[in-house]
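Residue-level structural notes
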Amino acid sequence: MQLWPQMDWHRHVVKVGMLGACLIVAFSVARPNPFSFGGANSSAFDPKRPGVVRITQHPFLSALALWAGLHLLPNGDLAHVVLFGVLGSFAIAGRRLINRRKRREIGHENWAALDKAVAKAPVIQMPLSYKSAVLRIALGLVSWVGLLTLHPAVLGVSAT
């Protein structure tokens, strides 16, 4: 059952937005993050230089929510709205659940101090390593191109 029609501009918005989602993931993979689940070496996290954590404490879940929200736009049939709506809702709700758990684990006062320190950091910072920054940008771009290229073969629908 179609709820809204697909417009030509929908696909363009999704492509640009997915580049953002790929870059979020590229800049967060294998980076310390005491706010999120898992997290490699969270003790090495520097709240004065939080990187993508300054923008979102849960970059993977933010990328998943962005992916789901973007894919709602051109997929206006009921089945896709349910699929992407559930996955997007999971990502948004997951952030609150993880926050509650992490607050309990590290203590409310420590959590609040860490959160406040991250909020004081500049949103955009000079990278400590330009090589790492270029590598992460390249990883995001390659992932994005790979998704665009493989989309028809894997999902049967062209993303372009």
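Residues numbered from 1 in each chain as written. Predicted model: local features only at pLDDT ≥ 70, side-chain atom pairs only at ≥ 80, totals over all residues. Heavy atoms only, no water.

A few points about the overall build of the protein
In terms of helices and strands, the protein carries five helices and zero strands. Reading the protein from its N end, one meets helices and strands in the order α-α-α-α-α. Judged by the C-alpha coordinates and their principal axes, the protein covers about 50 × 35 × 25 Å. Residue burial in the protein is summarised as follows: out of 160 residues, 31% are buried. Of the contacts formed within the protein by residues at least 6 apart in sequence, a portion of 73% connects residues at least 24 apart. Accessible surface, the protein as shown: approximately 10000 Å² in total, 69% of it carbon and sulfur. Put simply, the protein has 17 plus and 6 minus side-chain charges, and the middle of one group is 6 Å from the middle of the other. (Helix = DSSP H or I, 4+ residues; strand = E, 2+ residues; numbered from the N terminus. Buried < 20%, exposed > 50% of the residue type's maximum accessible area, 1.4 Å probe, protein only. Contact = heavy atoms within 4.5 Å. Areas by Shrake-Rupley, 256 points an atom, 1.4 Å probe, with all protein chains shown as cover. Lys, Arg positive; Asp, Glu negative; His and termini not counted. Charge placed at Lys NZ, Arg CZ, Asp CG, Glu CD.)

A look at the confidence of the model for the protein
Across the protein, the average pLDDT comes to 92, with 98% of residues at or above 70. Summarising per-element confidence for the protein, the mean pLDDT is lowest in helix α4 (residues 108-120) (93) and highest in helix α2 (residues 59-72) (96). (pLDDT = per-residue confidence, 0-100.)

Observations regarding a nonpolar patch on the surface
Together, Met1, Leu3, Trp4, Leu78, Val82 and Val86 make up an exposed nonpolar region whose accessible area comes to about 590 Å². Along the polypeptide, tryptophan 4 turns up in the segment before α1 (8-28). (Patch = residues over 30% accessible without salt bridge, like charges linked within 9 Å, V, L, I, M, F, W, Y side chains within 5 Å. Salt bridge = Lys/Arg side-chain N within 4 Å of Asp/Glu carboxyl O.)

Focus on unusual backbone geometry
One non-glycine residue, alanine 30, lies in the positive phi region at around 60°. Positionally, alanine 30 belongs in the loop between α1 and α2. Classification of alanine 30 as exposed rests on a relative accessible area of 64%.

Some remarks on α1
Taking 1.5 Å per residue as the helical rise, α1 with its 21 residues ought to reach 30 Å, and the 32 Å between its terminal C-alpha atoms agrees with that figure. Here α1 has its buried residues at His10, Val14, Lys15, Gly17, Met18, Ala21, Cys22, Ala26 and Ser28. Its buried side turned inward, α1 meets α2 and α5 (130-155). Downstream of α1 by a residue or two, alanine 30 has a phi angle that is positive, lying close to 60°. (Expected span 1.5 Å × (residues − 1).)

Examining the packing of aromatic side chains
In total, this model carries three aromatic pairs according to the counting rule given. Ring centres of phenylalanine 35 and phenylalanine 45 lie 6.2 Å apart, and the angle between their planes is 85°; this geometry places the pair in the edge-to-face category. With a gap of 10 residues between them, phenylalanine 35 in the loop between α1 and α2 and phenylalanine 45 in the loop between α1 and α2 connect regions that are remote in the sequence. Each member of the pair, phenylalanine 35 together with phenylalanine 45, is buried. With a centroid separation of 5.1 Å and an interplanar angle of 75°, the aromatic rings of tryptophan 67 and phenylalanine 84 are classed as edge-to-face. On the criterion of sequence distance, the pair formed by tryptophan 67 in helix α2 and phenylalanine 84 in helix α3 (residues 78-106) is long-range, its members being 17 residues apart. When its relative accessible area of 25% is taken as the criterion, tryptophan 67 is described as partly exposed. Following the ring pairs from residue to residue traces out a cluster consisting of Phe35, Phe45 and Trp111. (Phe/Tyr/Trp six-rings, centres within 6.5 Å; stacked < 30°, edge-to-face > 60°.)

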